Amino acid sequence: MRPAALHRLDWLARSASPVAISLLLVILGMVPLQIPDVTPVIPAWALIAVYYWSVHRPDLMPIWAVFIIGLVQDLLGGGYPGVGILALLLVHQFVASQRRTFARASFQLLWLIFALIAAAAVALMWLLNCLLQQQLLEVDPALFQYLTTLAVYPCLAWLFAQAQRSFLS
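Presented here is a report on the structure given in the accompanying data block. None of these values were measured; they are calculated from a predicted model.

### Here's the deal with the pattern of salt bridges
This structure, assessed with the given rule, holds one salt bridge. Here Arg57 ties to Asp59 by a salt bridge, and the two come within 3.0 Å at their closest N and O atoms.

### Points about the packing of aromatic side chains
This model, assessed by the stated rule, comprises 10 aromatic pairs. With 6.0 Å between their ring centres and 15 degrees between their planes, Phe107 and Tyr153 make a pair best called stacked. You can see Phe107 sitting in helix H6 (residues 107-133) and its partner Tyr153 sitting in helix H7 (residues 140-167), a full 46 residues away along the chain. Given the relative accessible area of 36%, Phe107 is considered partly exposed. One aromatic cluster is present, formed by Tyr51, Phe94, Phe102, Phe107, Trp111, Phe114 and Tyr153 through successive ring pairs.

Reading the values: the criteria
Residues numbered from 1 in each chain as written. Predicted model: local features only at pLDDT ≥ 70, side-chain atom pairs only at ≥ 80, totals over all residues. Heavy atoms only, no water. Salt bridge = Lys/Arg side-chain N within 4 Å of Asp/Glu carboxyl O. Phe/Tyr/Trp six-rings, centres within 6.5 Å; stacked < 30°, edge-to-face > 60°. Helix = DSSP H or I, 4+ residues; strand = E, 2+ residues; numbered from the N terminus. Buried < 20%, exposed > 50% of the residue type's maximum accessible area, 1.4 Å probe, protein only.

Structure below.
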């Protein structure tokens with residue numbers, strides 16, 4: 001291969017890494033752990049990834065990629081197709097609309113904003129699932145997922161920041 005072709009291949013691999021990392025997290029989140037009742041406390045990995053990359057590298061998290069991440073999440077999760085997709089697309093669009101504000105924000109403010117956005121996204125998914133199942137579902141699993149998602153956000157954001165510095169700069 002010519003050096004120009006290798007350079008282009010390297011650029012493509014680096015550019016695809018946020019989407020690939022997000023998809024990997026979705027897939028790893030679906031691995032059965034053989035632990036009873038652990039499903040409600042598994043964080044919303046895709047929500048964290050889409051939020052982070054939409055804030056910090058929106059050029060590498062286009063809307064079509066968010067759709068694919070949501071589709072994979074919905075299909076592997078066994079829920080209603082479209083629920084996760086809609087939540088992720090709304091998060092992505094909201095972040096995109098406020099991108100300039102978020103770009104200057106401190107980590108603490110971004111985490112607080114994430115807490116509010118994640119609460120809205122989890123509530124929306126819970127509500128849509130209630131409507132689709134035509135019954136009032138227990139709120140505890142959604143609440144536990146929200147809390148674990150909020151708790152792991154700083155760790156995952158740190159890992160994403162390291163990846164961004166290492167191979168996306």
